Amino acid sequence: MTSSDERRMYLTDNPIKSEEDDSFGHIEYVDTLSEIIHNVTPPWHVGIFGEWGSGKSSIINLLYNRIRDNEEFENVLCIQFDAWAHAEDSIRTELLLELDQKIGEAVNGEGSEGILGEDEITGRLYDVQEEEEISKQGNPVDVIKNFWNDSPLLAISFIAIAGAAALLEYGGYSAVASVFVTGLLLPILGYVLQQLDTVAQTIQRKFLYPRKEWTGAYQRIFDSIIQETEAEKVIITVDNLDRCESSTVYDVLVSLKTFLEDERCIYLIPCDDEALESHLKAINEDDFFGDTRNEREFLRKFFQTHLRIPPFQKEDVEKYAHEQNEELSDTLDEEAVDIIVNAYFENPRRIKHAINRLVTLRSIARERENGGILTEGRITSDMPFLAKISIIEEEYPEFHKQLVEDPYLLDDINSYFKKELTDDEKEKRVEDILEVDENEPKESRLKSFLSSTQRVTTANIRPFLNLSDQSYSSGLEDFDEVMRFLKTGQQSELLDRIKDIREKGGSFDQYCDAIDDELQTYQSISRDQPMYAIINSLVNVFDRLEEEEQNEVSRVVGRYLTREPGRQFLKYLDASSVSYTHL
């Protein structure tokens, strides 16, 4: 367990580096990879297949640490290359630069600029030598000088023609002189344009035409780099390949099988093999596959062997999640962590992200409660439900939007699970949301999550849905006065206030969310009398409200009269005029 002074507000998202931190049996894969590296004869390509967050990077970290610390691998050099980090550049060039840098550090020590250096490598791969032609100046004086140097005989002829034209002009033959001048200027103008065009073309070729088609150059550079190391085997990991564009995946795979294939190199490719297949499908088969029939066959031929990381065991994930919670300086409610595990038991990395997000939401809720925007404990006393809403917002954004529009929808879904939803229209809506199909026995992820967490609910979910918004009451004029009329039974004054609200273009139904929040607060602290007073006042003015106002009041009041302690209020209320949609 982490000591209190080592705890932190948020969890880090770094792969594990120590075997002591392994919670999921990654060491077994490290052992297997160690055996492969020790026994195979390169060149060799090993796939490490697993979904995002399955622990591939952690396995590579543990493997490299073992190789560096174990005398058995004294003559093995380890290099890591992040393909995604260099995806915007020439991936082949970046891979060569990375290899040059890492092998240079291994040979010459830290701070080395590499075996060849960046300037040497880019100089061999790009047409930088043409820069000499760009040095020709484009201003008129220099063009005339270049003209004299390049074509002296032609320049002398032009001078002679210019002299003849001047004599003709002096002798009064202006028309003939003009013909001579025109004949003189046109060749010069053509020469100037030719020079300017040559400059422009040279500049474009420098940037647009690197020698990337010269695969032999890449091969020679790679050979020059790799021969400088005395290592018997060079382990090169190409990470995050499946996150790149399809064209980048193509370039890397082809490069590894062509100019980067060396008798000392073992390549480790941690990736999602299904994602790789999708990338390969986007590549023109005629150009890529050759005599292979499909993407799967190509991958079988590419990798001499592979390891597949299986799904995590839920028991291990639960233990891991609660251990991570203990790393926090301010731990979360254990049931809130259980809700997170319920949603992400297949991916421990997602669990970390969800815990960090819940920590942030808790911080916002505390600020709102301390600032008086929400009543104290309104959110922070129900962290499991906040965890549930956080997951819904993150994983099911369309459903979250529907909840914001209709906060009572979650009640309808819970009633559906209990087989207590009697409204056919609502039942059809719920089944559409949950993607219920009688011909498809497999449940949707949303249905599974909501069904398994249906007991985690609250009377008023609006504050959870609108945590970053101002409180309902803060934007309502005279809300405190409205609540005073409700709690003291001043019905005439309440009706006058409602009339004022309407005359100002508002509606009393806008106040119902805030009233609901007040009722929830009183219910949470077992204060039955103010709850009864508010509900009784709403029932007594119900028939004086407009239709939309009545609908909202029915929803709010009905929620509290269908459960304790509100159910006991029914015998004291004159509810004959009220249609409670939630009764």
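As the structure is a computational prediction, the values presented were derived from the model and not from experiment.

What counts, and where the lines are drawn
- Residues numbered from 1 in each chain as written.
- Predicted model: local features only at pLDDT ≥ 70, side-chain atom pairs only at ≥ 80, totals over all residues.
- Heavy atoms only, no water.
- Axes fitted to C-alpha atoms, helices over the stretch in contact; angles between N-to-C directions.
- Helix = DSSP H or I, 4+ residues; strand = E, 2+ residues; numbered from the N terminus.
- Left-handed = near helix turned anticlockwise from the far one by under 90°.
- Contact = heavy atoms within 4.5 Å.
- Polar contact = N/O pair within 3.5 Å; in protein donor to acceptor, adjacent residues only side chain to side chain.
- Expected span 1.5 Å × (residues − 1).
- Buried < 20%, exposed > 50% of the residue type's maximum accessible area, 1.4 Å probe, protein only.
- Parallel < 35°, antiparallel > 145°, perpendicular 65-115°, else oblique.
- Nonpolar A, V, L, I, M, F, W, Y, C, P; charged D, E, K, R; others polar.
- Pairing = 2+ DSSP bridges.

What follows is about the packing of helix α14 (residues 314-326) against helix α16 (residues 348-370). Two elements in contact, α14 and α16, have axes separated by 10 Å at closest approach and are oriented at 35°. For the crossing formed where α14 meets α16, the hand is right-handed. Contacts from V317, Y320, A321 and Q324 in α14 reach P348, I351, K352 and I355 in α16.

Moving on to the environment of T32. Residue placement: T32 occurs in helix α1 (residues 26-39). Along the backbone, T32 and L63 are 31 residues apart, and their C-alpha atoms lie at a distance of 9.8 Å. Of the polar contacts made by the side chain of T32, one reaches the backbone oxygen of E28; its length is 3.0 Å.

Spanning 14 residues, helix α2 (residues 56-69) covers 20 Å between terminal C-alpha atoms, matching the ideal 20 Å at 1.5 Å per step. Most of α2 is tucked away: 10 of the 14 residues are buried. Among the residues making up α2, those that are buried are K56, S58, I59, I60, N61, L62, L63, Y64, R66 and I67. Looking at the packing, one finds that the buried side of α2 touches α1, β1 (44-49), β2 (76-82), β3 (233-239) and β4 (265-271).

The relative placement of two packed helices is expressed as an angle between their axes plus a distance between the axes. Axis separation between helix α18 (residues 397-405) and helix α19 (residues 409-417) bottoms out at 8 Å; the angle between their running directions is 110°. Classified by the angle their axes make, α18 and α19 are roughly perpendicular. Taking contact as the criterion, the partners of F399, Q402 and L403 in α18 are, on α19, L409, L410 and I413. Class assignment for the residues of the contact of α18 with α19 results in five nonpolar, one polar and no charged.

Sheet architecture is open: five strands sit in the order β2-β3-β4-β1-β5, paired in parallel fashion. On the outer flanks of this sheet lie β2 and β5 (305-308), each paired with one strand and no other. Geometrically, the sheet is characterised by an average inter-axis angle of 20° between neighbouring strands, direction not taken into account. Bridge analysis of β1 against β4 gives six bridges, and the strand direction is parallel. Opposite H45, over in β4, you have Y267 as the bridge partner.

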